[in-house]
Amino acid sequence: MKPARLSLSDVLRVGAAGLRSRPTRVILSALGIAIGIATMIAVIGISSSSREDLLRQLDRLGTNLLTVAPGQTFFGQEAKLPEEAVAMVKRIGPVSAAAATGLVETSVRRTGYVSEAVTGGIAVQAATTELLRTLEGGVQSGTWLNAATERQPVVVLGSMSAERLGINRTGVRVWMGGRWFTVIGILGPMPLAPEIDRSALVGFPAAEELLGFDGHPTTLYERSAEEAVTDVRSVLPRTVNPENPEEVNVSRPSDALAARAAADGAFTNLLLGLGAVALLVGGVGVANTMVISVLERRREIGLRRSLGATRGQVRVQFLSESLLLSALGGIVGSALGTLATVGYALSQDWPPVVPPWAIGGAVGATLVIGTVAGIYPAMRAARLSPTVALSTI
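Residues numbered from 1 in each chain as written. Predicted model: local features only at pLDDT ≥ 70, side-chain atom pairs only at ≥ 80, totals over all residues. Heavy atoms only, no water.

This brings us to the overall build of the protein chain. Broken down by element type, the protein chain carries 13 helices and 11 strands. Scored against the burial criterion, the 393 residues of the protein chain give a buried share of 45%. For the protein chain, the share of sequence-separated contacts (at least 6 apart) that also reach a separation of at least 24 residues comes to 80%. Just so you have it, the protein chain exposes about 19600 Å², and 60% of that area is on carbon and sulfur atoms. (Helix = DSSP H or I, 4+ residues; strand = E, 2+ residues; numbered from the N terminus. Buried < 20%, exposed > 50% of the residue type's maximum accessible area, 1.4 Å probe, protein only. Contact = heavy atoms within 4.5 Å. Areas by Shrake-Rupley, 256 points an atom, 1.4 Å probe, with all protein chains shown as cover.)

We now examine the side chain of R109. Within the fold, R109 resides in strand β3 (residues 108–109). From its side chain, R109 meets the backbone oxygen of V114 in a polar contact 2.4 Å long. Setting aside its immediate chain neighbours within four residues, R109 contacts V114, S115, E116, V118, V174 and W175. (Polar contact = N/O pair within 3.5 Å; in protein donor to acceptor, adjacent residues only side chain to side chain.)

The next thing to look at is the packing of aromatic side chains. Overall, the coordinates contain three aromatic pairs when judged by the stated rule. Seen in terms of ring centroids, F204 and F213 are 5.3 Å apart; in terms of plane orientation they differ by 75°. Their pairing is edge-to-face. With respect to burial, F204 and F213 carry one shared label: buried. Judged by centre distance (5.7 Å) and plane angle (70°), the ring pair of Y344 and W350 falls under edge-to-face. For Y344, a relative accessible area of 38% puts it in the partly exposed group. The buried category is assigned to W350, whose relative accessible area is 17%. A cation over an aromatic ring shows up here: R173 above the ring of W180, its NZ or CZ 4.6 Å from the ring centre. (Phe/Tyr/Trp six-rings, centres within 6.5 Å; stacked < 30°, edge-to-face > 60°. Lys NZ or Arg CZ within 6 Å of the ring centre and 35° of its normal.)

A few words now on the side chain of D197. Among the secondary structure elements, D197 is positioned in helix α6 (residues 194–197). The buried charged residue D197 lacks any salt bridge, with R198 as its nearest oppositely charged partner at 6.3 Å. With near-sequence residues (within four places) excluded, D197 lies in contact with G158, S159, M160, S161, G188, P189 and M190. (Lys, Arg positive; Asp, Glu negative; His and termini not counted. Salt bridge = Lys/Arg side-chain N within 4 Å of Asp/Glu carboxyl O.)

What follows concerns the nonpolar core. Among the nonpolar cores identified, the biggest contains 22 residues, and V108, V155, L157, I167, V174 and M176 are the most heavily contacted of them. Residue assignment for this core shows that the elements contributing at least two residues are β4 (123–127), β6 (154–157), α5 (159–165), β7 (173–176), β8 (179–187), β9 (199–203) and α7 (204–210). By residue number, the principal contributor to this core is β8, which donates three residues. Each residue touching V108, except ones within four places of it in the same chain, is listed here: I122, V124, L165, V174, W175, M176 and A200. (Core = buried A, V, L, I, M, F, W, Y, C linked by side-chain atoms within 4.5 Å.)

Moving on, we come to the confidence of the model for the protein chain. Confidence along the protein chain averages 80 in pLDDT terms, with 76% of residues attaining 70 or more. The spread of mean pLDDT over the elements of the protein chain runs between helix α13 (residues 386–391), the lowest at 59, and β6, the highest at 96. (pLDDT = per-residue confidence, 0-100.)

Positive phi, close to 55°, is recorded for E136, a residue that is not glycine. Mapped onto the fold, E136 is located in the loop between α4 (131–135) and β5 (139–142). Accessibility expressed as a relative area gives 43% for E136, which makes it partly exposed. The phi torsion at D349 lies on the positive side, around 60°, for a residue other than glycine.

Moving on, we get to helix α8 (residues 229–240). Residues spaced three or four apart along an α-helix point in a common direction, a consequence of the helix completing one turn every 3.6 residues. Its 12 residues give α8 an end-to-end C-alpha distance of 16 Å, which sits within 8% of 16 Å, the value for a rise of 1.5 Å per residue. All of the buried residues along α8 are V229, V232, L236, P237 and V240. Buried residues of α8, seen end-on, are gathered within an arc of 135° and therefore sit on one face of the element. Facing away from the buried side of α8 by over 90 degrees, the exposed positions are T230, D231, S234 and R238. Buried positions along α8 lie against β1 (65–70), α3 (85–90), β2 (95–104), β10 (219–224) and β11 (248–251). (Expected span 1.5 Å × (residues − 1). Arc of directions from axis to C-beta.)

Inspection of the secondary structure assignment puts L280 in helix α9 (residues 253–296). Among the residues examined, L280 registers a relative accessible area of 55% and is labelled exposed. Taking C-alpha positions, L280 is 7.8 Å from I369, a pair spaced 89 residues apart along the chain.

On to the pairing of β10. It is a general feature of regular strands that their side chains alternate between the two faces of the sheet. The buried count for β10 comes to six of six residues, which makes it a mostly enclosed element. The alternating pattern of β10 places T219, Y221 and R223 and L220, E222 and S224 on opposite faces, both of which are buried. With four bridges joining them, β1 and β10 adopt antiparallel strand pairing. When the sheet's bridge partners are listed, L65 is paired in β10 with R223. (Pairing = 2+ DSSP bridges.)

On to the pairing of β1. For β1, the tally of buried residues reaches five of six residues, placing the bulk of the element in the interior. When β1 meets β11, the two strands line up antiparallel, connected through four bridges. Note on β11: the bridge partner recorded for T67 is S251.

A few words on the pattern of salt bridges. Throughout the structure, instances matching the rule amount to four salt bridges. When the shortest N-O distance is used, the salt bridge between K80 and D214 registers 3.1 Å. Taken together, the positions of K80 in the loop between β1 and α3 and D214 in the loop between α7 and β10 put the pair 134 residues apart, joining distant regions of the chain. Residues R133 and E130 are paired through a salt bridge, measuring 4.0 Å at the closest nitrogen-oxygen approach. Note on E130: relative accessible area 26%, which makes it partly exposed. Beyond isolated ion pairs, a larger network of salt bridges with shared partners links K90, E130 and R133.

Below you can see the structure in the form of structure tokens.
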């Protein structure tokens, strides 16, 4: 006699029947899998959303911005950039825009009664009128410096500077260098030049005349054609300081955003490890549930064996229960992880991104966990002798 074969629908129906008989235990066991899967998908999704936001910033801001800063002299002293550095950089063919800032040795305060030691982390800098165009920044409120205002006692605040000073509108006066300066503008955030966000900016002529600035720029910003960035970078030191090019440091701000994305990826791997641990714990819970199920259903197993069920069919029954239990946790976890990703990304104004491979990996992980967790209980159930199983009360 040939044993009857179980179709796929029969296997699923038999496996689901075993789960429906113990709903509370099934829910608690599936919850362990769901937490692990939700953690992994949320970690991958949030990291991918953050990385996508960074890449969009790079696309919007461009990777063709270079900054020049003074290095050190041969004797270890701080070098200075020439006063005519901006004009010399503009002579480079592919350069489309160049501007500079210079650190001014003073502080900005709401009134003269505030101690000079209380700077709030705000730097006072002289700025050329082309700075905003070179950085492709925007004015959040008011206006930027021009040929007329760069000579007057006026100041433009970076976004963080305005926040720290408690200023949200123009026309307010601040105390700098022993006199009042009028705020004529507040800038928006500068992702490629965060130092500008923490600065109070005045014109070069006003800084030299009113604040004792020496006229030497401390940072030079330059934009050139994308395909010429490498070539421009190689000639910048000698162009800025022909006599001592080794005293000039050139950097690419977009590299910092790329490095940040890489750091986010490394941190993601750590969090994925924690999610994998949670998933492993969930798998142990499934295995424990299935072992207890085998012990509680010995008479059912014996009855099925006495009615003609083969050992293989019993193994398939309990393995299918384990797979269905894990799949339930995987589906719930995937939904929770996706919702967490979308919610967090929208709260941060990021584009929500859940990579398809993360969902596929979650499904694959649940199947692996279900298989591994169900192998031992299924084999144990299949090895039960019908007479011994039926004799158990």
